[in-house]
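Spelled out from the first residue to the last, the chains are:
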Amino acid sequence: MEGDVDADEEVTRGLRQQFQALQEQQQRRLEKMLAAKKEQAASQAAPDRQDHDDLKLHLVAPQPASIHVATSLLENENEQLQEQILELRNENGRLYKLLSERDYEIKYLKKKREEERLALAETVGMTSDVAASKMVELSKRNRELTVENESHKSKVKQLSNKLQELEKEVLLQSSCRYLGCS
């Protein structure tokens, strides 16, 4: 049991490091994209005036800033949704782990109850009242764990559904942005 906890902690640490590396990589990509957009905006904002005057060309009115703001807002919302998805996935994983621990505990208690039931049947010196109270106590604990397990299962199901909804929303926003939806 102790080895399992150490192994789980190792896995958790490894996953945290991977997640942190992915976040740093995403931040660098975002910074590069913003720098490229700034350079592009600067190159569009400062055209060579002398060439245009010689050709007698007039500057076209710049694109409205609202398009850039809307794109920025969509990107921010997309990032927030991605973060929510990641948080939900992490919580979902933790709940699955907790669920498996509860399942293991229930199996262990059932096995223990059966062993004690057999031991009670073999023990002549014990009174039936003590045996019955012990069985009632173990049954209560088993029911409590079963109820808690079911609660965790329903929470995992809800989070899974929410995760799917958020993934669909992100997918719709991404496709909408590429297709030019408003």
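Residues numbered from 1 in each chain as written. Predicted model: local features only at pLDDT ≥ 70, side-chain atom pairs only at ≥ 80, totals over all residues. Heavy atoms only, no water.

## Notes on the nonpolar core
Counting nine residues, the largest nonpolar core consists of Leu-81, Ile-85, Leu-88, Leu-95, Val-156, Leu-159, Leu-163, Leu-166 and Val-170. Contributing elements (two or more residues each) for this core: helix H3 (65–122) and helix H4 (128–179). Element by element, the count of residues in this core is highest for H4, at five residues. With residues up to four places along the chain from it excluded, the contact list for Ile-85 reads Leu-163, Leu-166, Glu-167 and Val-170. (Core = buried A, V, L, I, M, F, W, Y, C linked by side-chain atoms within 4.5 Å. Buried < 20%, exposed > 50% of the residue type's maximum accessible area, 1.4 Å probe, protein only. Helix = DSSP H or I, 4+ residues; strand = E, 2+ residues; numbered from the N terminus. Contact = heavy atoms within 4.5 Å.)

## Focus: the confidence of the model for the protein chain
Any region with low pLDDT has predicted coordinates that should not be read closely. For the protein chain, the average pLDDT comes to 82, and 81% of its residues sit at 70 or higher. Of the regions scoring below 50 in pLDDT, residues 49–53 engages in three contacts with residues more than four places distant in sequence or in other chains. (pLDDT = per-residue confidence, 0-100.)

## Some words on the pattern of salt bridges
A full pass over the atoms with the stated rule returns ten salt bridges. Among the ionic pairs, Arg-89 bridges to Glu-167, the shortest N-O distance being 2.2 Å. In this pair, Arg-89 sits in helix H3 while Glu-167 sits in helix H4, placing the two residues 78 residues apart along the sequence. By relative accessible area, Glu-167 is classed as partly exposed at 30%. Note that Glu-148 and Arg-102 form a salt bridge whose closest N and O atoms lie 2.8 Å from each other. Here Arg-102 lies in helix H3 and Glu-148 lies in helix H4, a separation of 46 residues in the sequence. Judged by its relative accessible area of 29%, Glu-148 is partly exposed. (Salt bridge = Lys/Arg side-chain N within 4 Å of Asp/Glu carboxyl O.)

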